[in-house]
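# Residue-level structural notes
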Amino acid sequence: MAASVKFRVYRYRPEDGGKGFYREYEVPVKKGMTILDGLLYIKESLDPTLSIRYSCRMAICGSCGMRVNGIETLACHTQISELRRRVITVEPMKNFPVIKDLVTDMAVLFKKQRALLTWLIRRDLVEQENPTHQYIQSDEELERYLQFTYCIQCGLCYSACPVVSTFPDFYGPQPLMKMYRYFADSRDEGGKERIDLVDKFEGVWRCHFAGSCSMVCPKGVDPALAIQLLRRASLRG
Ligand code: SF4
Ligand code: FES
């Protein structure tokens, strides 16, 4: 492993009139050091003006998503040594507005989730207020949506989606996947109401099935599969 690597970091300050630029930093490397550790070294020792977002440092909170050498990744989940590069380019996620440097505004993701009703829909409102029984599921029923519950809402799949890049009205992989998570839940009663929301051009039919969403997901979720399953449900009516 090299004693040091060069970080080439995208910098953007709104006060500069929308122009981004790259700045290079030499970062000493220790065993086990992650991209996030490298960025924190820069911030603490070389350039305190660098803005990054992170919290858990263990691939759980989903806040440190960025592009490293062109690939969407969690900065806390990627070790510098595994990249095997002398120069590491770090950029903010695509398909989200940049607030500052590597920090993006992810509001659009949550807005689209809300539009797709990403919560359990129930008709038995009286029972909901005064529960008298449990909603027991079989292993098979749980299996239908379990993998989709592992999403940490990091936005990497949304950034990697080539369709969102060219057609921002497309709901995108994460919101559609999250909708499917509830559609496939045996306790949900959204049914046709859900399908009507996605059975349209900006819904499931705009997906080109590039598969980049599923390739970059750090939690092994397969949003491309969820979109195909929603398509099947749309065709069944
Ligand atoms: S599906 Fe994966 S890549 Fe997309 S937001 Fe969820 S955890 Fe992140
Ligand atoms: S800091 Fe929480 S996922 Fe990276």
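## Section: the site of ligand 1
Of all residues adjacent to ligand 1, which total 14 residues, the nearest are Cys151, Cys154, Gly155, Cys157 and Cys217. In this structure, ligand 1 is accommodated by the second largest cavity. At the level of secondary structure, the elements contributing two or more residues to the shell around ligand 1 comprise helix H6 (156-160) and helix H8 (173-183). Class assignment for the residues of the shell around ligand 1 results in 10 nonpolar, 3 polar and 1 charged.

## Brief notes about the packing of helix H3 (residues 107-115) against H8
Direction vectors running N to C along H3 and H8 enclose 30 degrees, while the axes themselves pass 9 Å from each other. Between H3 and H8, the crossing angle belongs to the class labelled roughly parallel. The way H3 lies across H8 gives a crossing that is right-handed. Here Leu109, Lys112 and Gln113 of H3 come into contact with H8, specifically with Gln174, Pro175 and Lys178. Classifying every residue of the contact of H3 with H8 gives 2 nonpolar, 2 polar and 2 charged.

## A look at the side chain of arginine 122
Among the structural elements, arginine 122 can be located in the loop between H3 and helix H4 (125-129). A distance of 2.9 Å separates polar atoms of two side chains, one belonging to arginine 122 and the other to aspartate 124. A distance of 2.5 Å separates the side chain of arginine 122 from the backbone oxygen of arginine 187, its partner in a polar contact. Leaving out residues up to four positions away in the same chain, arginine 122 has contacts with Gln128, Tyr135, Arg187 and Glu189.

About the thresholds
Residues numbered from 1 in each chain as written. Chains lettered and ligands numbered in written order. Predicted model: local features only at pLDDT ≥ 70, side-chain atom pairs only at ≥ 80, totals over all residues. Heavy atoms only, no water. Near = heavy atom within 4 Å. 1 Å grid on protein atoms, 1.4 Å probe; cavity = no way out; pocket = protein on both sides within 12 Å on 5 of 7 lines; lining within 4 Å. Sits in = over half its atoms within 2 Å of the grid points. Helix = DSSP H or I, 4+ residues; strand = E, 2+ residues; numbered from the N terminus. Nonpolar A, V, L, I, M, F, W, Y, C, P; charged D, E, K, R; others polar. Axes fitted to C-alpha atoms, helices over the stretch in contact; angles between N-to-C directions. Parallel < 35°, antiparallel > 145°, perpendicular 65-115°, else oblique. Left-handed = near helix turned anticlockwise from the far one by under 90°. Contact = heavy atoms within 4.5 Å. Polar contact = N/O pair within 3.5 Å; in protein donor to acceptor, adjacent residues only side chain to side chain.

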